[in-house]
Amino acid sequence: MKKSYLIIGGIVIIALLSSLFRSCGVKTHNVAVRDIVIEGSISGVPCSDYLKVDDGKYDFTLEDDELSISIPFKVTSKIGGDYIEKIDRAVLIIKDASGNDIKDSGGKPVVLELSGRDGISRLLGWTLVNESAWLTFSTTLFGDGKEIMHSIASFSVMMDIEVRKQEKSVSSGENSGEQDKIAGSEDQSGDNGTVKKKKRGKSGNKIDRILDDYEKCIDEYAKAMKEGGLLDLALSSVSLSEKIEKLAGELEEIEGDMTEEQLTRFAEIQAKMISSIL
């Protein structure tokens, strides 16, 4: 028993030491910032018209030569678009206590690039006014990373992004459906020379055709049940059952496009199916 406790205790200690060694490789630098400048534009409109970063304390993290920071951007005004067409630039520029851009050993300004598009997609497309979404910026430093990180006193952000409204593509099938809808609203001539109107759903003849096929299969199903019972139907008409299931699934998918008349007919056919079983 004591031996098992020693083994478990040893595993816990090893895990704790491993965690401690890993944490020693991560360094952080806390920066108190005010009046963060957000430069650039979103579809030609200054970013500052849409976004802001609240004053507060933010942590820069240095791990394995990678310097990174995550900050919340608050939406102050609704952005006129929900689809990112192009990101020309999305960077965070670090500055020293004098407000100057911090440079690396080669004399180049240190710039942290936006990490991924998911965060900015949430920010521009889904985040509501007065709510925030977090964006992460990072860069790789070699040799002087620790010195650079501890020189950071503030930062600014620069973004140039094009957004637009997501446009739904219209397929040829939808076009034909709209044509059916238009045609269905026009007067049609009957066999006896009288004029009559035929109502169509959003998809026109498509829904009516599926309903026709569905009702025909249900009628065949009911007839088979009446003549031979459920067992005979199961043995002789498996394909019919599969077809009914397939058509029912198609109708459920387009149920939202049905007119009231089509919905009523769909319900009546289903009721007929149930009554044939009972």
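Residues numbered from 1 in each chain as written. Predicted model: local features only at pLDDT ≥ 70, side-chain atom pairs only at ≥ 80, totals over all residues. Heavy atoms only, no water.

1. Comments concerning the overall build of the chain
For step 1, the next point in the chain: Along the chain, the regular secondary structure elements total seven helices and twelve strands.
For step 2, the next point in the chain: Looking at the chain as a whole, 33% of its 278 residues are labelled buried.
For step 3, the next point in the chain: Within the chain, residue pairs in contact and separated by at least 24 positions form 71% of the contacts whose partners lie at least 6 positions apart.
For step 4, the next point in the chain: By element, 51% of the accessible surface of the chain is carried by carbon and sulfur atoms, the whole surface being about 17,700 Å². (Helix = DSSP H or I, 4+ residues; strand = E, 2+ residues; numbered from the N terminus. Buried < 20%, exposed > 50% of the residue type's maximum accessible area, 1.4 Å probe, protein only. Contact = heavy atoms within 4.5 Å. Areas by Shrake-Rupley, 256 points an atom, 1.4 Å probe, with all protein chains shown as cover.)

2. Some thoughts on the confidence of the model for the chain
For step 1, the next point in the chain: For the chain, per-residue confidence averages 75 on the pLDDT scale, and 68% of positions sit at 70 or higher.
For step 2, the next point in the chain: Scored below 50 in pLDDT, residues 1–23 makes zero contacts in the model with residues more than four places away or belonging to other chains.
For step 3, the next point in the chain: Across residues 168–203 the pLDDT falls below 50, and counting only partners more than four positions away or on other chains, this stretch makes 38 contacts in the model. (pLDDT = per-residue confidence, 0-100.)

3. Structural notes on the packing of aromatic side chains
For step 1, the next point in the chain: Enumeration over the complete set of coordinates arrives at four aromatic pairs.
For step 2, the next point in the chain: Their ring planes at 75° and their centres at 6.2 Å tell us that Tyr58 and Phe155 sit as a pair that is edge-to-face. Here the residue Tyr58 occupies a position in strand β5 (residues 56–63), and Phe155 occupies one in strand β10 (residues 154–164), the gap between them amounting to 97 residues.
For step 3, the next point in the chain: Taking the centre distance of 6.3 Å and the plane angle of 50° together, the rings of Phe73 and Phe137 count as tilted. (Phe/Tyr/Trp six-rings, centres within 6.5 Å; stacked < 30°, edge-to-face > 60°.)

4. Notes on the pattern of salt bridges
For step 1, the next point in the chain: Scanning the model with the defined rule gives eight salt bridges in all.
For step 2, the next point in the chain: Here Arg89 and Asp160 are joined by a salt bridge, their closest N and O atoms 2.8 Å apart. Taken together, the residues Arg89 in strand β7 (residues 83–95) and Asp160 in strand β10 connect sequence positions 71 residues apart.
For step 3, the next point in the chain: When its relative accessible area of 38% is taken as the criterion, Arg89 is described as partly exposed.
For step 4, the next point in the chain: A salt bridge links Arg265 to Glu215, with the nearest nitrogen and oxygen atoms 2.9 Å apart. A residue pair is termed long-range when its members are at least 10 positions apart, and Arg265 in helix α7 (residues 260–277) and Glu215 in helix α5 (residues 205–236) qualify at 50 residues.
For step 5, the next point in the chain: By relative accessible area, which is 23% here, Glu215 ends up partly exposed.
For step 6, the next point in the chain: One network of salt bridges, with partners in common, ties together Lys52, Asp54 and Lys74. (Salt bridge = Lys/Arg side-chain N within 4 Å of Asp/Glu carboxyl O.)

5. Re the pairing of β5
For step 1, the next point in the chain: As paired elements, strand β1 (residues 26–33) and β5 share eight bridges and run antiparallel to each other. Of the residues in β5, the one forming a bridge with His29 is Phe60.
For step 2, the next point in the chain: As paired elements, β5 and strand β6 (residues 66–75) share three bridges and run antiparallel to each other. Note on β6: the bridge partner recorded for Leu62 is Leu67.
For step 3, the next point in the chain: Following β5, the chain reverses through two residues before pairing antiparallel with β6; Asp64 in that reversal takes a positive phi of roughly 50°. (Pairing = 2+ DSSP bridges.)

6. Notes on the nonpolar core
General note: in soluble globular proteins, nonpolar side chains tend to be found buried as a group.
For step 1, the next point in the chain: Formed by 41 residues in total, the largest nonpolar core has its most connected members in Phe60, Phe73 and Met159.
For step 2, the next point in the chain: Not counting residues up to four positions away in its chain, the partners in contact with Phe73 are Ile38, Leu51, Lys52, Val53, Leu123, Glu131, Ser132, Ala133, Leu135, Phe137, Val157 and Met159. (Core = buried A, V, L, I, M, F, W, Y, C linked by side-chain atoms within 4.5 Å.)

7. A look at a negative patch on the surface
For step 1, the next point in the chain: Among the surface-exposed residues, Glu63, Asp64, Asp65 and Glu66 lie close enough to one another that they form a single negatively charged patch.
For step 2, the next point in the chain: Taking the relative accessible area as the measure of exposure, Glu63 reaches 39% and is therefore partly exposed. (Patch = residues over 30% accessible without salt bridge, like charges linked within 9 Å, V, L, I, M, F, W, Y side chains within 5 Å. Lys, Arg positive; Asp, Glu negative; His and termini not counted. Charge placed at Lys NZ, Arg CZ, Asp CG, Glu CD.)

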